[in-house]
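Report on the structure
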There are 2 protein chains.
Amino acid sequence: MIWRVQLGGTFCPSDILGGWGALSALSDHATRVGGRGSRIFLVSDRTVWALWKDEILGSFGAGTGMPAVHLVTPGEASKTVATVAECWNWLASEGARRDDVVVAVGGGVVGDLAGFAAATYLRGLGFWQVPTTLLAQVDSSVGGKVGINLPGGKNLVGAFYQPEVVVADQRLLDTLPAPEFASGLGEVVKYALLSGEPLLEKLERDTTAVMSRTPSAVSRLVEECVRLKAEVVQQDERDVGRRAILNLGHTVGHALERAAGFGRLSHGAAVGLGLLVTLSVSESICGLAPTVLPRVRVLLTRFALPTTIADIDAGEVLAAVGSDKKTDATGLGFVCLRELGDPVWGVRLEEAVLATHLEVVLT
Amino acid sequence: MIWRVQLGGTFCPSDILGGWGALSALSDHATRVGGRGSRIFLVSDRTVWALWKDEILGSFGAGTGMPAVHLVTPGEASKTVATVAECWNWLASEGARRDDVVVAVGGGVVGDLAGFAAATYLRGLGFWQVPTTLLAQVDSSVGGKVGINLPGGKNLVGAFYQPEVVVADQRLLDTLPAPEFASGLGEVVKYALLSGEPLLEKLERDTTAVMSRTPSAVSRLVEECVRLKAEVVQQDERDVGRRAILNLGHTVGHALERAAGFGRLSHGAAVGLGLLVTLSVSESICGLAPTVLPRVRVLLTRFALPTTIADIDAGEVLAAVGSDKKTDATGLGFVCLRELGDPVWGVRLEEAVLATHLEVVLT
């Protein structure tokens, strides 16, 4: 079953196709692009490429010439000024033109890097995403945030650039290592909380099917998350208002990631812990029912995600929260949950209050 | 006399203020920005800063704290990946936030560089332009094209990013070396051709006043050019159609610049020569009256711009035109003039035809 979500962006509407075997949809798009004389420039990482090269290249069909391919080393270290400069120089040496298309085949790092290169080369080439991780399929491939890191911080440089086409084939998740799959589930839990009781219940019911990566269960889950994200993004493409709700659990999550030392916690694991702290805060200042937090704790456990973390200094976490808020100059404050499906953003939170709630996860 | 042109951009309308002493307008804007708690980040080059530092800093008034300042080496070599990375790292080390403002004080290089940094840091800071060259005042500071060069070519990386505020104070042109002033006049002649008989006549009448940099004459001239450019840009912000007319004379101009070796011809000198070739082409294939070319030749001479160039190989020029057309994938072809004020874009031109018209300027 192929599903489809459409996101009407300001300059470029995103056509998001998903489901088991959705890759086959690429051939029509590639034929259209080939028909107008444009070329395809694939960016991927070495691991993804080793596993899926034949399927990916095959899915473009005969409608285009062989895509040019640029491979990067997997991991966050490939999201730098140097790696984007390599992409730009590659596009220049290949003679890329404004109507050509960059296709990111990989997880969040590849999508962010290739997307930023596509957004800026000749002031904007075509851009498609083929997310190959659960995290990228439910979250980073949708919404048009692309960018790179600086020594001074993550994602400090970037653009808003909607992919014209996102093809999220859940079959690609087959080769995903368990911790990376679990990392994506951290974001899925966030979407369930933002969506409301029905999605949370469904998630609780389908835990086993999801963990065994049953095609239909995983595919439906990704679809629900993408649908919700697309709806939120469409209302606030430039992230100046309600899009902030997508940061539920992230302010604390990022701070935990930083305080733990990058690499110790996966993104989804950090978000899961951040959600627990946020739910505790929400109980205390937004009147959230105390039944939600225990349910999420059980869910995270069943998804092989941590619910506590040892040997982290609360002071360091608070300092990281402070520095995060400073960079995020929207001044929107924290996102809390009044009830399932009812987030509120722009909540002002005293450091001392946050400190007490950190105890929910710090052991 | 302060004049004002407003350009309604998609995300950000541009408020363009000009005239002798227009710098004073900065203080109101700075006070507004300071009032909301935002900071100002000035980017300039060492030459401009040595000449105008006190006036610039003074013009921000007391409404803001002292702006942070980042200086670059004057010249095209400052439009690289390395220099934009320095800007990004500077903004990071200064803790710039999304509601802060980057102000470019300088010519096209500083505007393009600082504008690209502003467009991409935290996915977009505020951006103002204070153009200090005639070329930047009439052309590059208006319209939102920002970017950097790659080893493979000029302006290959960039963005469309409208400055919220442009302050074009003609007093700043007082210290401009004569060849740079003349270079700006090359673009001015282009605008006269695009605008029509009245502006061309006015230019012919005011030559002496313009060359002696009489405040009122220069200021009115800049205003006319900016008004025309803003109108064209507003109709086609993303450069997918009619904005191409702004390239009148540029395809050949760029090719001459390249074939001559960068640095030998100023931008405006190359554009002037490109205009002569373009007018010759226009006579032959668009029915342009043969009276226009001689008038432009006289005008260029009076503006201290070349009307011929020696020791350039026509074959190299044609090769450069071909490579330019390849990168410019809009496929819009050449811009010609049917009559004064009536440009046509998308003209297909055989290399052999162009070759014969190059003789107008090659000696």
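Across the chain, the bulk of peptide bonds are trans and the bulk of non-glycine residues have phi less than zero. Residues and elements named next belong to chain A. Although it is not a glycine, arginine 123 sits at a positive phi angle of roughly 60°. For arginine 123, the location among the structural elements is in the loop between helix H4 (108–120) and strand S6 (126–131). Judged by its relative accessible area of 18%, arginine 123 is buried. Backbone geometry at arginine 213 places phi at a positive 55°, although glycine is not the residue there.

To continue, consider the packing of aromatic side chains. In total, this model carries eight aromatic pairs over all chains according to the counting rule given. Centre to centre, the rings of tryptophan 88 of chain A and phenylalanine 116 of chain A are 6.2 Å apart; their planes meet at 50°, and the pair counts as tilted. Linking tryptophan 88 of chain A in helix H3 (residues 81–93) with phenylalanine 116 of chain A in helix H4, this pair joins segments that are 28 residues apart in sequence. Just as tryptophan 88 of chain A is buried, phenylalanine 116 of chain A falls in that class too. Within the aromatic cluster, the residues linked to one another by ring pairs are Trp88 and Phe116 of chain A together with Trp88 and Phe116 of chain B. The ring of tyrosine 191 of chain A carries lysine 190 of chain A above its face, with NZ or CZ at 4.4 Å from the centroid. The lysine or arginine in question, arginine 123 of chain B, covers the ring of phenylalanine 160 of chain A, its NZ or CZ lying 5.8 Å from the ring centre.

Two pairing modes exist for strands in a sheet, parallel and antiparallel, and in both the strands are linked by backbone hydrogen bonds. All names here are of chain A. The strand order across the open sheet formed by seven strands is S1-S2-S9-S6-S5-S3-S4, and the pairing between neighbours is mixed. What marks the edges here is a single partner per strand, and that holds for strand S1 (3–7) and strand S4 (68–72). This sheet shows a mean twist of 15° between the axes of neighbouring strands, independent of strand direction. Sitting on the sheet, H4 is in contact with strand S3 (40–45), S4, strand S5 (101–106) and S6, with an inclination near 170° to S5. Packed onto the sheet, helix H9 (residues 215–235) meets S1 and strand S2 (14–19) and runs at close to 10° relative to S1.

In screw terms, the move from chain B to chain A is a rotation of 180° and a rise of 0.0 Å along the axis, fitting with an RMSD of 0.0 Å. Within this description, the copies of the chain are treated as partners about a two-fold rotation axis. Taking C-alpha positions as the reference, the residue of chain B nearest the rotation axis is valine 81 of chain B, at 4.0 Å. Comparing interface residues between copies, 100% of those in chain B also lie at the interface in chain A; the contact surface is shared.

Right, let's get into the interface of chain B and chain A. With 34 residues of chain B at the interface, the matching set in chain A holds 34 residues. Of the roughly 3100 Å² buried between chain B and chain A on both sides combined, carbon and sulfur atoms contribute 63%. At the boundary of chain B and chain A, one finds two salt bridges. Across the salt bridge formed by aspartate 239 of chain B and arginine 98 of chain A, the nearest N and O atoms sit 3.5 Å from each other. Linking chain B to chain A there are 11 residue pairs in polar contact (both at pLDDT 80 or more). If you list the elements that add at least two residues to the side of chain B that touches chain A, you get helix H3 (81–93), helix H4 (108–120), strand S7 (145–150), strand S8 (153–160) and helix H13 (314–327) of chain B. A total of six residues in the side of chain B that touches chain A trace back to one element, the largest contributor, which is S8 of chain B.

Before going further, it helps to examine helix H12 (residues 292–302) of chain A. All names here are of chain A. Taken together, the buried positions of H12 are Val292, Leu293, Val296, Leu299 and Leu300. Down the axis, H12 shows its buried residues gathered within 125° of arc, on one side only. Summarising the contacts, the buried residues of H12 are in contact with helix H6 (178–195), helix H7 (197–205), helix H8 (207–211) and helix H11 (267–286). Looking at the residues trailing H12, positive phi occurs at alanine 304, about 60°.

All names here are of chain B. Running from amino to carboxyl end, H3 crosses H4 at an angle of 50°, the nearest separation of the two axes being 10 Å. Taken together, the axis directions place H3 and H4 in an arrangement best described as oblique. When the axes of H3 and H4 are compared, the crossing they make is right-handed. Of H4, the residues touching H3 (which contributes Thr83, Val84, Cys87 and Trp88) are Leu113, Phe116, Ala117 and Thr120. When the residues that make up the contact of H3 with H4 are grouped by side-chain class, the tally is six nonpolar, two polar and no charged.

Attention shifts here to the environment of tryptophan 345 of chain A. All names here are of chain A. Along the chain, the position of tryptophan 345 falls in strand S11 (residues 342–347). Residue tryptophan 345 is classed as partly exposed on the basis of its relative accessible area of 33%. Between the C-alpha atom of tryptophan 345 and that of valine 292, which follows or precedes it by 53 residues, the distance is 19 Å.

This paragraph deals with the packing of H7 of chain A against H12 of chain A. Residue and element names in this part refer to chain A. At their nearest, the axes of H7 and H12 sit 11 Å apart, and the two run at 40° to each other. Here H7 lies oblique to H12, going by the angle between them. Like other packed secondary-structure pairs, H7 and H12 cross with a definite hand, here left-handed. In this structure, H7 contributes Glu197, Leu200, Glu201, Leu203 and Glu204 to the contact, and H12 contributes Arg295, Leu299 and Arg302. Each residue belonging to the contact of H7 with H12 can be placed in one class, and the counts come to three nonpolar, no polar and five charged.

Once that is clear, we can look at the side chain of arginine 213 of chain B. Residue and element names in this part refer to chain B. Relative to the helices and strands, arginine 213 is located in the loop between helix H8 (207–211) and helix H9 (215–235). Nearest to the buried, unbridged arginine 213 among oppositely charged side chains is aspartate 174, at 5.9 Å. Discounting chain neighbours no more than four positions away, the residues touching arginine 213 are Leu173, Asp174, Leu176, Pro177, Ala178, Phe181 and Val218.

This part covers the pattern of salt bridges. Overall, the coordinates contain 32 salt bridges over all chains when judged by the stated rule. Residue aspartate 112 of chain A is joined to lysine 79 of chain A by a salt bridge in which the shortest nitrogen-to-oxygen separation is 2.9 Å. In this pair, aspartate 112 of chain A sits in helix H4 while lysine 79 of chain A sits in the loop between S4 and H3, placing the two residues 33 residues apart along the sequence. Notably, a salt bridge pairs aspartate 139 of chain B with lysine 190 of chain B, separated by 3.8 Å at the nearest N-O pair. Placement of aspartate 139 of chain B in helix H5 (residues 134–140) and of lysine 190 of chain B in helix H6 (residues 178–195) is noted, with a sequence separation of 51 residues between them. A relative accessible area of 12% places aspartate 139 of chain B in the buried class. Linked through salt bridges whose partners overlap, the residues forming this network are Asp139, Glu187, Lys190 and Lys229 of chain A.

Residues and elements named next belong to chain A. With nine of its 11 residues buried, helix H10 (residues 250–260) lies for the most part within the structure. Buried within H10 we find His250, Thr251, Val252, Gly253, Ala255, Leu256, Glu257, Ala259 and Ala260. Following H10 by one or two positions, glycine 261 adopts a phi angle in the positive range, close to 90°.

Residue and element names in this part refer to chain A. Of the two faces of S1, only the one carrying Trp3, Val5 and Leu7 is buried; Arg4 and Gln6 on the other face are not. Where S1 lies against S2, five bridges are found, and the strand directions are antiparallel. Residue pairing for S2: leucine 7 is matched across the bridge by serine 14.

Calculation notes
- Residues numbered from 1 in each chain as written.
- Chains lettered and ligands numbered in written order.
- Predicted model: local features only at pLDDT ≥ 70, side-chain atom pairs only at ≥ 80, totals over all residues.
- Heavy atoms only, no water.
- Helix = DSSP H or I, 4+ residues; strand = E, 2+ residues; numbered from the N terminus.
- Buried < 20%, exposed > 50% of the residue type's maximum accessible area, 1.4 Å probe, protein only.
- Phe/Tyr/Trp six-rings, centres within 6.5 Å; stacked < 30°, edge-to-face > 60°.
- Lys NZ or Arg CZ within 6 Å of the ring centre and 35° of its normal.
- Pairing = 2+ DSSP bridges.
- Axes fitted to C-alpha atoms, helices over the stretch in contact; angles between N-to-C directions.
- Contact = heavy atoms within 4.5 Å.
- Least-squares fit on C-alpha atoms with pLDDT ≥ 70 in both.
- Buried area = accessible area lost by both parts, 1.4 Å probe.
- Salt bridge = Lys/Arg side-chain N within 4 Å of Asp/Glu carboxyl O.
- Polar contact = N/O pair within 3.5 Å; in protein donor to acceptor, adjacent residues only side chain to side chain.
- Arc of directions from axis to C-beta.
- Parallel < 35°, antiparallel > 145°, perpendicular 65-115°, else oblique.
- Left-handed = near helix turned anticlockwise from the far one by under 90°.
- Nonpolar A, V, L, I, M, F, W, Y, C, P; charged D, E, K, R; others polar.
- Lys, Arg positive; Asp, Glu negative; His and termini not counted.

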